[in-house]
Amino acid sequence: MGVPDSGAASPGAQAVEAAPRDGSELAACRDADCEVRVEAGDRFAVDERHGVDRLTVASLDGDGVRIELRGSSGGLSVRGMSISVSSSCDNGRCHDVGALTVRPDTPGRINDMRLRLRALTDDDAILVLSPR
């Protein structure tokens with residue numbers, strides 16, 4: 001008669017996700033180096049040296065997070081899923097707007113800023129930004 005393996009996970013057990021390094025402090029993302037819990041509707045500023053003024057969590061579901069961005073005009077490079085980027089000018093002031101989807105298995109990039117998901121539920125996600 002064997003002894004049950006105490007290291008085996010029991011059926012229905014769920015992994016406990018460690019808290020994000022910066023909690024829900026979206027201001028920590030200003031330098032594009034953060035790990036925060038986000039929800040749909042969250043928006044935060046990013047230092048314009050990354051070519052982006054603001055990121056907005058447009059929506060999230062079990063598959064990924066849709067992120068909208070606004071940045072300075074020209075030279076915006078965006079990688080990820082379902083990308084859209086356009087430029088517009090109003091009274092001589094130009095800017096780029098766009099969006100991308102980031103999934104746990106498909107990170108994204110905006111210029112030199114990397115975006116990835118560490119965790120994702122239908123209600124929130126842990127978003128990691130890192131420069132370069």
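The rules we used
- Residues numbered from 1 in each chain as written.
- Predicted model: local features only at pLDDT ≥ 70, side-chain atom pairs only at ≥ 80, totals over all residues.
- Heavy atoms only, no water.
- Salt bridge = Lys/Arg side-chain N within 4 Å of Asp/Glu carboxyl O.
- Buried < 20%, exposed > 50% of the residue type's maximum accessible area, 1.4 Å probe, protein only.
- Pairing = 2+ DSSP bridges.
- Helix = DSSP H or I, 4+ residues; strand = E, 2+ residues; numbered from the N terminus.
- Core = buried A, V, L, I, M, F, W, Y, C linked by side-chain atoms within 4.5 Å.
- Polar contact = N/O pair within 3.5 Å; in protein donor to acceptor, adjacent residues only side chain to side chain.
- Axes fitted to C-alpha atoms, helices over the stretch in contact; angles between N-to-C directions.

**Q** I keep staring at the pattern of salt bridges and nothing clicks. Help me out?
**A** Opposite charge on two side chains permits them to pair, given that their charged atoms come into close proximity. Going through the model one piece at a time under the given rule, you end up with 6 salt bridges. Close ionic contact of D22 with R21 constitutes a salt bridge, the shortest N to O distance being 3.4 Å. Taking the relative accessible area as the measure of exposure, D22 reaches 22% and is therefore partly exposed. Its relative accessible area of 52% is what places R21 among the exposed residues. Among the salt bridges present, the one from D33 reaches R21, with a minimum N-O distance of 3.5 Å.

**Q** In this structure, what is going on with the sheet that holds strand β1 (residues 34-38)? I would like to understand it.
**A** Within the open sheet, the 5 strands sit side by side as β1-β10-β9-β8-β5. Their pairing is antiparallel. Both outer strands of the open sheet, β1 and β5 (78-79), are each paired with one neighbouring strand and no more. Across 7 bridges, strand β9 (residues 113-120) lies against strand β10 (residues 125-131) in antiparallel orientation. Bridging across to β10, R116 finds its partner in V128.

**Q** Is there a simple way to explain the nonpolar core in this structure?
**A** One recurring pattern in soluble globular proteins: nonpolar side chains tend to sit buried together. Counting residues in each nonpolar core, the largest one holds 27 residues, and the members touching the most others are L55, I110 and L129. Among the secondary structure elements, those contributing two or more residues to this core are β1, β3 (54-60), β4 (65-72), β7 (93-102), β9 and β10. Element by element, the count of residues in this core is highest for β9, at 4 residues.

**Q** For this particular structure, what's the right way to read the side chain of T101?
**A** Residue placement: T101 occurs in strand β7. Judged by its relative accessible area of 14%, T101 falls in the buried class. Engagement of the side chain of T101 in a polar contact is seen with the side chain of R66, the distance being 3.1 Å.

**Q** Explain the sheet that holds β3 here, please?
**A** Note on sheets: strands pair through backbone hydrogen bonds, and any given pair is parallel or antiparallel. With respect to topology, 5 strands assemble into an open sheet ordered β2-β3-β4-β7-β6, the strand pairing being antiparallel. Each edge of the open sheet carries a strand with a single partner, namely β2 (43-45) and β6 (81-90). Neighbour-to-neighbour, the strand axes of this sheet turn through a mean angle of 15°, independent of strand direction. The pairing of β6 with β7 spans 8 bridges and is antiparallel. Pairing of S88 across the sheet is with H95, part of β7.

**Q** How should I be thinking about the pairing of β3 in this particular structure?
**A** Working note: regular strand, side chains alternate between the two faces of the sheet. Two strands pair when backbone bridges link them, and β2 and β3 are joined in this way by 3 bridges, in the antiparallel orientation. The partner of F44 across the bridge, within β3, is L55. Pairing of β3 with β4 involves 6 bridges; the strand directions are antiparallel. If you follow R54 over to β4, its bridge partner there is R70. The antiparallel pairing of β3 with β4 creates a hairpin that spans 4 residues between the two strands.

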